[in-house]
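The residues making up each chain are set out below.
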Amino acid sequence: MQDNRQAALELGQKPVGQLLWQYALPAIVAMTASSLYNIIDRAMIGLVVGPEAIAGLGITFPFMNLSGAFGAAVGVGASTCISVKLGQKDYKTAENLLGNTVTLNLVIGFLFMAVCLVFLDPILRFFGASDVTLPYAREFMTVILLGNMITHMYFGMNAVLRAAGKPRHAMYSVLFTVGMNILLVIAFVWWFRWGIRGAALATVTSQSMALCWQMWLFSNSKELLHLKRGIYRLKSQLVKNIISIGISPFLMNVTSCVIVIFMNNQFVRYGGDMAVGAYSIANSVVMVFFMFVIGITQGMQPIVGYNYGAEKYDRMLRCLFLAIACATAILLVGWTLSMLFPRQIARIFTTDATLLDLSARGIKLDMLVFFVVGSQAVITNFFQCIGKVKISIFLSLSRQLILLLPMAYVFPLFWDLDGVWYSMPASDFGSFAMTIPLLLWYMKKFKRQ
């Protein structure tokens, strides 16, 4: 236990650059592997099942975002609270937070699964499914929802592993999941020809196997945080703290759900099912590079949370600036590749000429100002890590709900299908312009302290 406690104490002692590298690199590796799996998954579905299946998969994005919203509310909220408590050396409360994380994931995961399975077809219709894409979307989401409790618990435990000073273990968990996922997708989709259902089954099966290993790790009594009797009963104050922090990523994911629903309907309206497929492909490309940023924010979270709890504001701010620089550099690479080789990238997912043309143009327009998104995401996560929930929520909503939604409605009235694509870079730049003044204002406050 002494070694585990020392790992937590290092968050307030080691040079910040080393810490960010130590914590962010495993998260980046894990997120990159996850995004590569998503590419392989979608490419396999597009090439083996067909372009209509890609469009059907695009319809499921809101569902995945909505499920992720509930998972983030618990996982991110709990891991942030645990980081702060470790910084305050309140180890008993940190353990109780671990137990409450397990219980909340089980309860919320089951309720989400039950409600969505009952109303699956109407929900998918609302999300933009047509007669052509509905069977594919239904087939995929039925399997995913049946494994929803496993998914919630898997992501929640991975977040707690990072907060407990075990970023490499969190990385190993994701790498195993991705590797197993790829093998199972090849077997289920390519070999057994189980179609889109095989891809969903591969996801749930690989997450189940990784979760077993995570629970084994947390069952070790030598760990600083471990599962034991007396920590699973929900405590109102702890639940309140978890949800109050987790409400920001929850709303961000719910907003993403609302936006994807609206965008799917707009793409169907102005471009048909193939435009939805192109949007699905462009989203996959965006997420390949944005996963790097997510990895950086995940690595930043325990460092910022611990040093904020320990009132070491200089270390906290240094970590923030390093994270912004790394995120911006990574997205500049993604922007350059997307501007120069959009057609070659789109060809990974499809050989259909119509879908290829739509996707290549969509990738260029979607990522027009992509390089500014990283700093906005890091700053939003920073305010979440220090408990400034209202600011984090505002910044989360600004990019999508406040700006993108009205733009995606108005722009197509002038530019038709291109207008739907234009709305995304316009909202990206607008939210960036709103984020910087807030950060500068808070920087002055912390420097005074």
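Model, not experiment: these values are computed from the prediction. (Residues numbered from 1 in each chain as written. Predicted model: local features only at pLDDT ≥ 70, side-chain atom pairs only at ≥ 80, totals over all residues. Heavy atoms only, no water.)

Draft legend 1. Examining the nonpolar core more closely. F63, L124, F267, F382 and W421 are the most contacted members of the largest nonpolar core, which totals 137 residues. The element best represented in this core is helix α12 (residues 273–309), accounting for 18 residues. Discounting chain neighbours no more than four positions away, the residues touching L124 are I59, F63, A129, L134, A137, R138 and M141. Judged by nonpolar contacts, the second largest core, of nine residues, contains M31, Y154, V174 and V178. (Core = buried A, V, L, I, M, F, W, Y, C linked by side-chain atoms within 4.5 Å. Buried < 20%, exposed > 50% of the residue type's maximum accessible area, 1.4 Å probe, protein only. Helix = DSSP H or I, 4+ residues; strand = E, 2+ residues; numbered from the N terminus. Contact = heavy atoms within 4.5 Å.)

Draft legend 2. Highlighting the packing of helix α13 (residues 313–340) against helix α16 (residues 373–385). Relative orientation of the contacting elements α13 and α16 amounts to 150 degrees, with a least axis distance of 7 Å. Judged by the angle between their axes, α13 and α16 are roughly antiparallel. Between α13 and α16 lies a crossing whose hand is right-handed. For the pair α13 and α16, the contacting residues are M316, L317, L320, A323, I324, A327, T328 and L331 in the first and V373, G374, S375, V378, I379 and F382 in the second. (Axes fitted to C-alpha atoms, helices over the stretch in contact; angles between N-to-C directions. Parallel < 35°, antiparallel > 145°, perpendicular 65-115°, else oblique. Left-handed = near helix turned anticlockwise from the far one by under 90°.)

Draft legend 3. Main features of the side chain of Q301. Considering the arrangement of structural elements, one finds Q301 in helix α12. Overall, Q301 belongs to the buried group, its relative accessible area being 7%. Every residue in contact with Q301, bar those within four places of it in the chain, is listed here: S79, T80, S83 and C385.

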